[in-house]
Amino acid sequence: EAAAAPLYYMDQTPGFGGYTAAPEVFYFTPQKKWYLVYQSGPPMFSTNDDLSDPTKWTAPAPFFPTTPATITQNGGGWLDFWVICDTESCHLFFSDNHGRWYSSKTSIEQFPKGFAEPVVVMQDANAGRMFEAGNVYKMNGTGQYLALIESFDQTSNNHRYFRSWLSNSLDGPWLPWHASGTYPFAGPSNVMFNGTPWTLDISHGEMIRAGYDETLAIEPCHMRYLFQGADPNAETGGDYNQIPWRLGLLTQTP
């Protein structure tokens, strides 16, 4: 019932008047604070003691004092930042729209400061196959982590879909799971609709989690994924900002 919920525009909160996008929210148990992670060019964060009061988010602050050398050397464009923690470290994952997926980490004690120089976790010569909107989750009861990255290529007729990888550690290595447009985690080839399909793109979203803390745990046998899609026949003039996005909820079937 998101469409019927009241909206609060974040530019009413001090410090949020500029560009902000691609949010992630979690409760960081060691500090007993809510964290809002987002892009404002570089990766930024705000904290809040009361999630129900959006006026109380602190002013945006950067994770890094300057742009890391690795990002500059690889052409910049870092985006879609994602934080997940294990028992010892907090990991920051992100993409660069050039076919690279990065990570950086810091200790639980130092978070949100102390992030190391980012490293390239995976890359693809076809930038569309490792594009953006990366999510990482802990799969309860399995000892594994699930990584999802939004992609598009010839196997999906250039429609957006999610590839997936599995790992026993947030440090990797990451092994392909459902990793092509013909065998996706979620895409036009394996998503069924109630009634007439209203989109051909399964785009930027987030899993419905089993909790709300920094471990980002999910139930692997009952996955639900909130995504954005749009009418493929909508006139946008090639402008991404004119795409009439709608929200949809994917539910795993046996």
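Residues numbered from 1 in each chain as written. Predicted model: local features only at pLDDT ≥ 70, side-chain atom pairs only at ≥ 80, totals over all residues. Heavy atoms only, no water.

Visitor: Give me the sheet that holds strand β8 (residues 119–123): which residues, what numbers.
Guide: Taking strand neighbours across the sheet as the criterion, the 4 strands line up as β5-β6-β7-β8 in an open arrangement whose pairing is antiparallel. The two strands at the open ends of the sheet, each matched to only one other strand, are β5 (79–85) and β8. Each adjacent strand pair in this sheet contributes to an overall mean axis angle of 25 degrees, direction not counted. Pairing geometry for strand β7 (residues 100–107) and β8, over 4 bridges, is antiparallel. By the bridge assignment for β8, arginine 100 is matched with glutamine 123. (Pairing = 2+ DSSP bridges. Helix = DSSP H or I, 4+ residues; strand = E, 2+ residues; numbered from the N terminus. Axes fitted to C-alpha atoms, helices over the stretch in contact; angles between N-to-C directions.)

Visitor: For a nonpolar patch on the surface, give the residues involved together with the corresponding values.
Guide: Taken together, the side chains of Ile208, Leu226, Leu247 and Leu249 present a nonpolar region at the surface, about 340 Å² in accessible area. When you line up the elements, leucine 247 lands in strand β18 (residues 246–251). A residue is classified by how much of its surface remains accessible, and leucine 247, at 55% relative accessible area, is exposed. (Patch = residues over 30% accessible without salt bridge, like charges linked within 9 Å, V, L, I, M, F, W, Y side chains within 5 Å. Areas by Shrake-Rupley, 256 points an atom, 1.4 Å probe, with all protein chains shown as cover. Salt bridge = Lys/Arg side-chain N within 4 Å of Asp/Glu carboxyl O. Buried < 20%, exposed > 50% of the residue type's maximum accessible area, 1.4 Å probe, protein only.)

Visitor: So what's going on with the pattern of salt bridges? Which residues, and what values?
Guide: Under the counting rule described, the total for this entry stands at 10 salt bridges. As a salt-bridge pair, lysine 105 and aspartate 171 come within 3.2 Å of each other at their nearest N and O atoms. In this pair, lysine 105 sits in strand β7 while aspartate 171 sits in the loop between β11 (161–167) and β12 (175–176), placing the two residues 66 residues apart along the sequence. The partly exposed category is assigned to lysine 105, whose relative accessible area is 37%. For aspartate 124, the salt bridge is made with arginine 129, and the minimal N-O distance between the two is 3.3 Å.

Visitor: Got a sec to walk through the side chain of threonine 47? Specific residues and values, please.
Guide: Here threonine 47 lies in strand β3 (residues 43–48). Residue classification places threonine 47 among the buried positions, given a relative accessible area of 11%. Leave out the neighbours within four places in its chain, and threonine 47 touches Lys33, Trp34, Tyr35, Lys56, Trp57 and Thr58. (Contact = heavy atoms within 4.5 Å.)

Visitor: Tell me about the state of the cysteines, residues and numbers included.
Guide: In protein chemistry, a disulfide is the covalent bond that joins the sulfur atoms of two cysteines. In total, this model carries 1 disulfide according to the counting rule given. The disulfide that involves cysteine 85 links it to cysteine 90, with 2.3 Å between the sulfurs. Disulfide cysteine 85-cysteine 90: the torsion about the S-S bond is 100 degrees, which places it as right-handed. Across the pair, cysteine 90 and cysteine 85 agree in class, each one buried. (Disulfide = S-S within 2.5 Å.)

Visitor: How would you summarise the packing of aromatic side chains if you had to cite specific residues and measurements?
Guide: One pass over the structure, following the stated rule, counts 30 aromatic pairs. With centroids separated by 4.9 Å and ring planes inclined at 10 degrees, the aromatic side chains of phenylalanine 94 and tyrosine 102 adopt a geometry described as stacked. Residue phenylalanine 94 shares its accessibility class with tyrosine 102, and that shared class is buried. Aromatic side chains phenylalanine 193 and tryptophan 198 sit 6.1 Å apart centroid to centroid with 80 degrees between the ring planes, which places their arrangement in the edge-to-face category. (Phe/Tyr/Trp six-rings, centres within 6.5 Å; stacked < 30°, edge-to-face > 60°.)

Visitor: I'd love a proper account of the sheet that holds strand β4 (residues 61–62), names of residues and values included.
Guide: Ordered by their spatial adjacency, 4 strands build an open sheet running β1-β2-β3-β4, and the pairing between neighbours is antiparallel. If you trace the sheet from one side to the other, it starts and ends with β1 (21–28) and β4, each paired once. Bridge analysis of strand β2 (residues 33–39) against β3 gives 6 bridges, and the strand direction is antiparallel. Looking across to β3, one finds that tryptophan 34 is bridged to asparagine 48.

Visitor: Before we move on, could you go through the nonpolar core and cite the residues and values that matter?
Guide: One finds Trp101, Phe111, Val136, Leu146, Trp174 and Met207 to be the most contacted residues of the largest nonpolar core, which totals 52 residues. Ignoring any residue separated from it by four or fewer positions in sequence, one finds tryptophan 174 in contact with Phe93, Trp101, Val121, Met122, Val136, Tyr145, Leu146, Ala147, Trp165, Leu166, Ser167 and Ser169. With 6 residues, the next largest nonpolar core counts Phe16, Leu36, Tyr38 and Met44 among its residues. (Core = buried A, V, L, I, M, F, W, Y, C linked by side-chain atoms within 4.5 Å.)

Visitor: Which residues make up the side chain of aspartate 96, and what values go with them?
Guide: The topology assignment puts aspartate 96 in the loop between β6 (89–95) and β7. Of note is the side chain of aspartate 96, whose polar atom sits 2.7 Å from the backbone nitrogen of histidine 98. Reaching out from aspartate 96, the side chain makes a polar contact with the side chain of arginine 100 at a distance of 3.0 Å. For aspartate 96, the residues in contact, after removing those within four places along its chain, are Asn74, Gly76, Gly77, Trp78, Leu79 and Tyr102. (Polar contact = N/O pair within 3.5 Å; in protein donor to acceptor, adjacent residues only side chain to side chain.)

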